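Chain and residue survey
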Amino acid sequence: MDELRAKLLHEIIGIYGPGQGMSIASVIVPAFIGDFQKVVCDSSSFDEVSEEYMTEDKKIHLELYGRKLMGKGVNNFAITRCVFNGKVIVND
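Summary of the structure given here. (Residues numbered from 1 in each chain as written. Predicted model: local features only at pLDDT ≥ 70, side-chain atom pairs only at ≥ 80, totals over all residues. Heavy atoms only, no water.)

With respect to the packing of aromatic side chains
In total, this model carries two aromatic pairs according to the counting rule given. Here the aromatic rings of F32 and Y53 are separated by 4.9 Å at their centres, their planes lie at 25°, and the arrangement is stacked. On the criterion of sequence distance, the pair formed by F32 in helix α2 (residues 18-42) and Y53 in strand β1 (residues 49-54) is long-range, its members being 21 residues apart. Of the two residues examined, F32 and Y53, each falls in the buried class. For the ring pair F36 and F77, a centre distance of 6.5 Å and an interplane angle of 70° mean the geometry is edge-to-face. Here the residue F36 occupies a position in helix α2, and F77 occupies one in strand β3 (residues 77-84), the gap between them amounting to 41 residues. For the residue pair F36 and F77, the accessibility class agrees, reading buried in each case. Over the face of the ring belonging to Y65 we find R81, whose NZ or CZ atom lies 4.5 Å from the ring centre. (Phe/Tyr/Trp six-rings, centres within 6.5 Å; stacked < 30°, edge-to-face > 60°. Helix = DSSP H or I, 4+ residues; strand = E, 2+ residues; numbered from the N terminus. Buried < 20%, exposed > 50% of the residue type's maximum accessible area, 1.4 Å probe, protein only. Lys NZ or Arg CZ within 6 Å of the ring centre and 35° of its normal.)

Let's talk about the pattern of salt bridges
Opposite charge on two side chains permits them to pair, given that their charged atoms come into close proximity. Counted according to the given criterion, the structure contains three salt bridges. E11 serves as the salt-bridge partner of K87, at 2.9 Å between the closest nitrogen and oxygen. With K87 in strand β4 (residues 87-91) and E11 in helix α1 (residues 2-16), the pair connects residues that are 76 residues apart, well separated along the chain. Residue classification places K87 among the partly exposed residues on the basis of a relative accessible area of 45%. Measuring nitrogen to oxygen at the nearest pair gives 2.9 Å for the salt bridge that ties K38 to D42. In this pair, K38 and D42 are both assigned in helix α2, four residues apart and thus about one turn of the helix distant. A residue is classified by how much of its surface remains accessible, and D42, at 55% relative accessible area, is exposed. (Salt bridge = Lys/Arg side-chain N within 4 Å of Asp/Glu carboxyl O.)

What follows is the structure in structure tokens.
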């Protein structure tokens, strides 16, 4: 998950610049991942699910794919693919 966060930060800084990018990333990355975790964990199956996110200014379009994992923990999930503005940045 840390690798995904670092890649998202890099992409966001590329769009907004270092100062504004860090500020935006510190808010939207946890929000998007947190919401996606809820979507995946609320799913009734172990099949892959996806969700799309976009910032209000439409500069960021994020597609997350993931699935629940078996085992301990109610909120155990994995992000299997991440597409940032049409570019695949994670593909497991």
